[in-house]
Amino acid sequence: MVDRKLLYRWCSIRVEDLENHPDLKLPFRLVKNSEEMGELMAKELAEDIKKANIEGRSYRAIIPCGPKCWYEPFAKYINENRISLQNVEIFHMDECLDWQGNLLAENDPYNFCSFMKKYFYGPILPELNVKEENRNFLRPNNIESIREKIELKPIDFTLGGWGQDGHIAYNQSKRHPFCHVSIEELKNSSIRIQENNLDTIITLGQRSYGAAYQFVPPMSVTLGIKECLSAKKVRLFSDTGTWKQTALRVALFSDVDAEYPMTLLQNHPDAVITATYETACHPISEHPEWEFKGINI
Ligand SMILES: N[C@@H]1[C@@H](O)[C@H](O)[C@@H](COP(=O)(O)O)O[C@@H]1O
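Because the structure is predicted, anything quoted here is derived from the model rather than measured.

Caption draft 1: Here's a closer look at the overall build of the protein. Within the protein, the secondary structure is distributed over 11 helices and 10 strands. Considering only C-alpha atoms, the protein reaches an extent of 65 × 40 × 35 Å along its principal axes. Across the 297 residues of the protein, 54% fall into the buried class. Positive and negative side-chain charges in the protein, numbering 35 and 42 respectively, have mean positions lying 3 Å apart.

In structure tokens form, the structure reads like this:
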């Protein structure tokens, strides 16, 4: 469990001092805003695919539903530069489910598959687009076949975001009173269906529905940490501000800790975290006068 005194120290670092901070556990990039981040995400993935095309090899990527700022620039970059995605295989990292573990309604805002069809595949020119059979959406009934497909060949790139507890895909901190998950178990976690944590549901309700947590899907199917971190490159990005600020500090400065799954990125040979200025700020760093008993007094 994260030590509160350490957490206070990490959250006290001014945003201006984060990049190149001597205590960083892994590379960190700061970008101005969503626009700059979307362009960077789009270009990094597109250029990596272009390189694979030139080398004449197929390309496999795990991608998220959110951050959302990169879909439009990605399609634009692909279309304008005529980069073919015909040899690309995509694995979608997670999907939301209802309380019985079933898929959501097609137009539910948390139906990741519907969203990705519309905003990721939709604007890409048909002759360049990823083939239908290479679009791997996670569903409650295809866990084994997706697992086998992923194990078949290495993944080139994992592009992702993170959640309030530093979850990658939906690999949340396991807070069950009777079931404890060690760092090693978390690291080897694979595709599964699960109940989402209460704090995940509350924060999603707050950000999407004016705190109406009643509309937030309570379950999910997710790639495990094992699949997500199996990629040669892992790039996590966030532009969604306050609900990601503390997880970012923990990811950047904490030792590996199962309470914040993102800290496992430290064990990856080529992982980079990128955040917008707003996401990298922290209220504690802006208020050195705040007093917390037993922590700074
Ligand atoms: N489980 C999903 C992740 O797969 C996604 O990457 C993240 C993006 O969040 P945002 O849209 O705030 O960047 O949201 C949730 O945590």
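Caption draft 2: A look at empty space enclosed by the protein. Per the counting criterion, the structure on display carries one cavity of 30 Å³ or more. A volume near 40 Å³ is recorded for the largest cavity. Every residue along the wall of the largest cavity is listed here: Ile-63, Pro-64, Cys-65, His-92, Met-93, Asp-94, Glu-95, Phe-112, Cys-113, Met-116 and Phe-137. Among the elements that line the lining of the largest cavity, the one with the most residues is helix H4 (residues 112-121), at three residues.

Caption draft 3: Local environment of the sheet that holds strand E8 (residues 219-222). Here three strands make up an open sheet; going across it, the order is E4-E8-E7 and the pairing antiparallel. Two strands bound the open sheet, and with one partner strand each, they are strand E4 (94-97) and strand E7 (192-195). The mean angle between the axes of side-by-side strands here comes to 25 degrees, regardless of whether they run parallel or antiparallel. Pairing geometry for E4 and E8, over four bridges, is antiparallel. Directly across from Asp-94, in E8, lies its bridge partner Thr-222.

Caption draft 4: Spotlight on the nonpolar core. In this structure, Leu-223, Leu-265 and Ile-273 are the most contacted members of the largest nonpolar core, which totals 46 residues. Elements supplying a minimum of two residues to this core: helix H5 (143-152), E8, helix H8 (225-228), strand E9 (233-238), helix H9 (245-253) and strand E10 (271-276). Tallying contributions element by element places H9 first for this core, with six residues. Of all hydrophobic cores here, the second largest spans 44 residues; its members include Val-31, Leu-104, Phe-112 and Ile-201.

Caption draft 5: Looking closely at the sheet that holds strand E1 (residues 28-31). Ordered in space as E1-E10-E9-E6-E2-E3-E5, the seven strands form an open sheet in which the pairing is parallel. With one partner strand each, in any of the chains shown, E1 and strand E5 (135-136) form the two edges of the open sheet. Across the sheet, H4 touches strand E2 (59-63), strand E3 (88-92) and E5, and the angle it forms with E3 is around 145 degrees. The strands touched by H9 are E1 and E10; relative to E10, the strand with the most contacts, the crossing angle is about 150 degrees.

Caption draft 6: Expanded view of the site of the ligand. If you check the shell around the ligand, you find 14 residues, and the closest are Asp-94, His-167, Ala-169, Thr-240 and Lys-244. Here a nitrogen atom of the ligand sits 2.8 Å away from a polar atom, N or O, in the main chain of Ala-169. A distance of 2.8 Å separates an oxygen atom of the ligand from a polar atom in the side chain of Lys-244. When the free accessible area of the ligand is taken as 390 Å², the share hidden by the protein chains comes to 97%. When each cavity is represented as a set of grid points, the ligand is found to reside in the largest pocket. Grouping the amino acids of the shell around the ligand by side-chain chemistry returns seven nonpolar, four polar and three charged.

Parameters at a glance
- Residues numbered from 1 in each chain as written.
- Predicted model: local features only at pLDDT ≥ 70, side-chain atom pairs only at ≥ 80, totals over all residues.
- Heavy atoms only, no water.
- Helix = DSSP H or I, 4+ residues; strand = E, 2+ residues; numbered from the N terminus.
- Buried < 20%, exposed > 50% of the residue type's maximum accessible area, 1.4 Å probe, protein only.
- Lys, Arg positive; Asp, Glu negative; His and termini not counted.
- Charge placed at Lys NZ, Arg CZ, Asp CG, Glu CD.
- 1 Å grid on protein atoms, 1.4 Å probe; cavity = no way out; pocket = protein on both sides within 12 Å on 5 of 7 lines; lining within 4 Å.
- Points joined across faces, edges and corners; volume = space filled by probe spheres on them.
- Pairing = 2+ DSSP bridges.
- Axes fitted to C-alpha atoms, helices over the stretch in contact; angles between N-to-C directions.
- Core = buried A, V, L, I, M, F, W, Y, C linked by side-chain atoms within 4.5 Å.
- Contact = heavy atoms within 4.5 Å.
- Near = heavy atom within 4 Å.
- Polar contact = N/O pair within 3.5 Å; in protein donor to acceptor, adjacent residues only side chain to side chain.
- Areas by Shrake-Rupley, 256 points an atom, 1.4 Å probe, with all protein chains shown as cover.
- Sits in = over half its atoms within 2 Å of the grid points.
- Nonpolar A, V, L, I, M, F, W, Y, C, P; charged D, E, K, R; others polar.

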